[in-house]
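Working through the structure, step by step
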Amino acid sequence: MEAAMGLMRRMPPKLNETALSALLTLLPQHSSDLLSQVDQPLQVLCDLENGKEFILCEYNRDADSYRSPWSNKYHPSLEDGSLPSQELRNLEIEANDIFAIYRDQYYEGGISSVYMWEDDNEGFVACFLIKKDGSKTGHGRRGYLQEGAWDAIHVIEVGPVEEGTAHYRLTSTVMLSLTTNNDASGTFNLSGSIRREMNLDLSVEDGHLCNMGRMIEEMESKLRNSLDQVYFGKTKEMVCTLRPPSEVVMRLPEP
């Protein structure tokens, strides 16, 4: 299992589904652990009742059906699918409306979904998802990429409120893949994923949504900076080492 997880951490996100399928065939006894621990690129389905798209993941899945955050119904239809309590469902509806505004401001489009459910510790768990297709045929507004995808998964475990304070544990994963194909840069592919955790004890005076929103905003800023430094920064360093820009080459002293 440890070797399988190490392999999945090194796979490009666009190949995760193929690699996971192969591992499930090789290690059927670990199928539940693999499906729960391996993050896959997010898929999308349309809720025909509301005419809105929603994101599919393990957190809104029951059997082979997925619950829509817009209608609170499963697709395909499932009679005995698990549903959040009415109080948590009201919080989920509000979270979806607020997170859609956040998505438009930070991502200039894309698809977002929020799912919530009760846990066994008198608290609850919330999952915030964003999928941005940056390709020319997707949600990209600038048309720079031939193919491009940003999948963000934020899972927040909220503990019970004690003396006006609750414990929040945030686990965030971002999967990035992009491909360019033009005369200036040629064909170039870059993909990878990053995961980080954050634990905080916060006052619930302003409500759970305010606390979770601030944590996600701070975490996404850190993840974007890490991706910029690790992936883009290192790639630029290697390219400039192998093929120095013309202005640098002209300044090199002659032997």
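In what follows, the structure referred to is the one given above.
Here is a short report on the structure shown in this document. Source: prediction; values computed, not measured.

Overview of the sheet that holds strand β7 (residues 124-133)
- Overall, antiparallel pairing links the five strands, which are arranged β6-β7-β8-β9-β10 in an open sheet. Either end of the sheet is taken by a strand with one partner, and the two such strands are β6 (111-118) and β10 (186-203). Adjacent strand axes in the sheet meet at a mean angle of 10°, parallel and antiparallel pairs treated alike.
- Where β7 lies against strand β8 (residues 147-158), ten bridges are found, and the strand directions are antiparallel.

Some points on helix α5 (residues 208-242)
- Between its terminal C-alpha atoms α5 stretches 50 Å, which fits the 51 Å expected from 35 residues at 1.5 Å a residue.
- In α5, a bend of some 30° at G233 exceeds every other bend along the element.
- Looking at α5, one finds that the buried residues are H208, L209, N211, M212, M215, I216, M219, E220, L223, S226, L227 and Y231.
- Contacts made by the buried residues of α5 are with α4 (86-107), β6, β7, β8, β9 (165-182) and β10.

Things to note about the nonpolar core
- M116, F124, F128, I156 and M212 are the most contacted members of the largest nonpolar core, which has 33 residues in total.
- Contributing elements (two or more residues each) for this core: α4, β6, β7, β8, β9, β10 and α5.
- The element best represented in this core is α5, accounting for eight residues.
- M116 has contacts with R67, P84, L88, L91, E92, A95, F124, V125, A126, L209 and M212, leaving out every residue within four places of it along the chain.
- Counting 14 residues, the second-largest nonpolar core is a separate cluster that includes I55, C127, L129 and M175.

A few points about the pattern of salt bridges
- Counting across every chain of the model gives eleven salt bridges.
- With a shortest N-O distance of 3.0 Å, E49 and K73 are connected by a salt bridge. A residue pair is termed long-range when its members are at least 10 positions apart, and E49 in the loop between β1 (43-47) and β2 (52-56) and K73 in the loop between β4 (65-67) and β5 (74-75) qualify at 24 residues.
- Judged by its relative accessible area of 43%, K73 is partly exposed.
- Linking R67 and E92 is a salt bridge whose minimum nitrogen-to-oxygen distance equals 2.8 Å. One end of the pair, R67, is in strand β4; the other, E92, is in helix α4, with 25 residues separating them in the sequence.
- The network of salt bridges with shared partners includes E58, R61 and D64.

Thoughts on the sheet that holds strand β3 (residues 61-62)
- Read across the sheet, three strands follow the order β3-β4-β5 without closing on themselves; strand pairing throughout is antiparallel. The open sheet is flanked by β3 and β5, the only strands paired with a single partner.
- Pairing analysis gives two bridges linking β3 to β4, with the strands arranged antiparallel. When the bridges of β4 are listed, R61 appears paired with Y66.

The rules behind each value
- Residues numbered from 1 in each chain as written.
- Predicted model: local features only at pLDDT ≥ 70, side-chain atom pairs only at ≥ 80, totals over all residues.
- Heavy atoms only, no water.
- Pairing = 2+ DSSP bridges.
- Helix = DSSP H or I, 4+ residues; strand = E, 2+ residues; numbered from the N terminus.
- Axes fitted to C-alpha atoms, helices over the stretch in contact; angles between N-to-C directions.
- Expected span 1.5 Å × (residues − 1).
- Bend = angle between axes of the 7 residues up to and from the residue.
- Buried < 20%, exposed > 50% of the residue type's maximum accessible area, 1.4 Å probe, protein only.
- Contact = heavy atoms within 4.5 Å.
- Core = buried A, V, L, I, M, F, W, Y, C linked by side-chain atoms within 4.5 Å.
- Salt bridge = Lys/Arg side-chain N within 4 Å of Asp/Glu carboxyl O.

That's the geometry; what it means functionally is another story.
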